Amino acid sequence: MKTTFGRRTRVLAATTATAGLVLVAGCSSGDDGGSGTKTAAGGVELVKAGQLTTCTHLPYPPFQSEIDGKVQGFDVSLVDLVADDLGVKQAILDTPFENFKTGAFLNSGECDLAAAGMTITAERKKNVDFSDPYFEATQAVLVDKKSGITSFAGLKGKKVGAQAQTTGEDYAKSKGLDPVSFESSDAVLNGLRTGQVQAVVIDYPVVQGWLKDKANADAFQVAEQINTGEQYGFTVRKGNTKLLAAINKALSEAKADGTYKKLYEKWIGPYDESAASPSPAA
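**Some details on the packing of aromatic side chains**
Step number 1: Within this structure, the stated rule accounts for 14 aromatic pairs.
Step number 2: Ring centres of Tyr60 and Phe63 lie 6.1 Å apart, and the angle between their planes is 25°; on these two criteria the pair is classed as stacked. Per residue, the accessibility class of Tyr60 equals that of Phe63, and both read buried.
Step number 3: The structure contains a cluster of three or more aromatic residues connected by ring pairs, namely Tyr60, Phe63, Phe74, Tyr134, Phe135, Tyr232, Phe234, Tyr260 and Tyr264.
Step number 4: Across from the ring centre of Tyr260, 5.8 Å away, lies the NZ or CZ of Lys255, which sits over that ring.

See the structure below:
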């Protein structure tokens, strides 16, 4: 998973920029019908009345990205289920990813949860509480078809790219590579397109999204998938047990009633049964 430095200042559609860029997923509401209460269904306390405020980091398709002026994706759709259960709407705040690792925006009361295709790690658990895993992730080596690279082993001596402060970058470094760091997934792809690097190491679902574009599929190919045992989770402020329980309940019900499968097929691709049945978070 990824990082970028500095806040964005652009405004999309009818959204407004304050301390950061607020993006609305679907219909938004600044209150809950005029009652002004910050307590949602199940006694869940929210940072802003009438909405479930989600911190994310854009773009990271297919999990969250701007499509037709609205933030959409697999993560967005899953968190919408949580919001529906709480009787509120989801609102999205675009923030630098380094704050996800420290839980800064959760602790400061700017967001209720963070959803950003984020890998569950022991280091991150020191600062935030993770939901049950909702996605099994692998890393992928994406290469220019003219590069001659056919595996991860073939990256030695090549110019390799990765997204800064991600598990993909960490993995590449752990294997003795010195990858070029890019601040966003878009920058990673552009680096490959422009020949700055001959290959990139990044989460496979991101690569799946890229290869849906014919131009990308014509130019690039997956040299290897690497199972690093990664699982994605949503995060909440340490000790926010009621919201964590609401997230886990929504995920469990979505997997049981087929909603998860439908969303997976819509945003990710052919359904992988293992993605829906990872072990609960420790």
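**Some remarks on the confidence of the model for the chain**
Step number 1: Taken over all residues, the pLDDT of the chain has a mean of 84, while the share at 70 or more is 83%.
Step number 2: In this model residues 2-35 is a low-confidence stretch, pLDDT under 50, and it forms 90 contacts with partners more than four residues away in sequence or in other chains.

**Here we look at the pairing of strand β11 (residues 199-203)**
Step number 1: The element β11 is largely enclosed, with a buried count of 5 among its 5 residues.
Step number 2: Pairing geometry for strand β8 (residues 135-144) and β11, over 5 bridges, is antiparallel. What sits directly across from Val143, in β11, is Ala199.
Step number 3: Where strand β9 (residues 160-163) and β11 come together, 3 bridges link them in parallel fashion. Bridge pairing in β11 places Ala162 opposite Val201.

**Description of the environment of Leu263**
Step number 1: Within the fold, Leu263 resides in helix α10 (residues 259-267).
Step number 2: With a relative accessible area of 15%, Leu263 lands in the buried category.
Step number 3: A sequence separation of 185 residues divides Leu263 from Leu78, and the C-alpha atoms of the two residues are 8.0 Å apart.
Step number 4: Apart from the residues lying within four places of it in its own chain, the contact partners of Leu263 are Phe74, Ser77, Leu78, Leu81 and Ile268.

**A look at the sheet that holds β11**
Step number 1: In spatial order, the strands read β10-β9-β11-β8-β12; together these 5 strands make up an open sheet with mixed pairing. One side of each edge strand has no neighbouring strand; the edge strands of this open sheet are β10 (180-182) and β12 (220-232). Strand-to-strand twist in this sheet, taken as the mean axis angle between neighbours without regard to direction, amounts to 25°.

**Points about the pattern of salt bridges**
Step number 1: All told, the structure shown has 6 salt bridges when counted by the stated rule.
Step number 2: A salt bridge links Lys173 to Glu169, with the nearest nitrogen and oxygen atoms 4.0 Å apart. Separated by 4 residues within a single helix, Lys173 and Glu169 lie in helix α5 (residues 167-174), roughly one turn from each other.

**As for α10**
Step number 1: Residues of α10 that are buried include every one of Tyr260, Leu263, Tyr264 and Trp267, and no others. Projected onto a plane normal to the axis of α10, the buried residues spread over an arc of 105° and lie on a single side. Opposite its buried face, α10 presents the exposed residues Lys262 and Lys266, each directed more than 90 degrees away.
Step number 2: Where the residues of α10 are buried, they touch β3 (65-67), β4 (70-72), α1 (74-86), β8 and α9 (241-257).
Step number 3: Note on α10: the residue one or two positions beyond its end, Gly269, has a positive phi of about 145°.

So, how was this worked out
Residues numbered from 1 in each chain as written. Predicted model: local features only at pLDDT ≥ 70, side-chain atom pairs only at ≥ 80, totals over all residues. Heavy atoms only, no water. Phe/Tyr/Trp six-rings, centres within 6.5 Å; stacked < 30°, edge-to-face > 60°. Buried < 20%, exposed > 50% of the residue type's maximum accessible area, 1.4 Å probe, protein only. Lys NZ or Arg CZ within 6 Å of the ring centre and 35° of its normal. pLDDT = per-residue confidence, 0-100. Contact = heavy atoms within 4.5 Å. Helix = DSSP H or I, 4+ residues; strand = E, 2+ residues; numbered from the N terminus. Pairing = 2+ DSSP bridges. Axes fitted to C-alpha atoms, helices over the stretch in contact; angles between N-to-C directions. Salt bridge = Lys/Arg side-chain N within 4 Å of Asp/Glu carboxyl O. Arc of directions from axis to C-beta.

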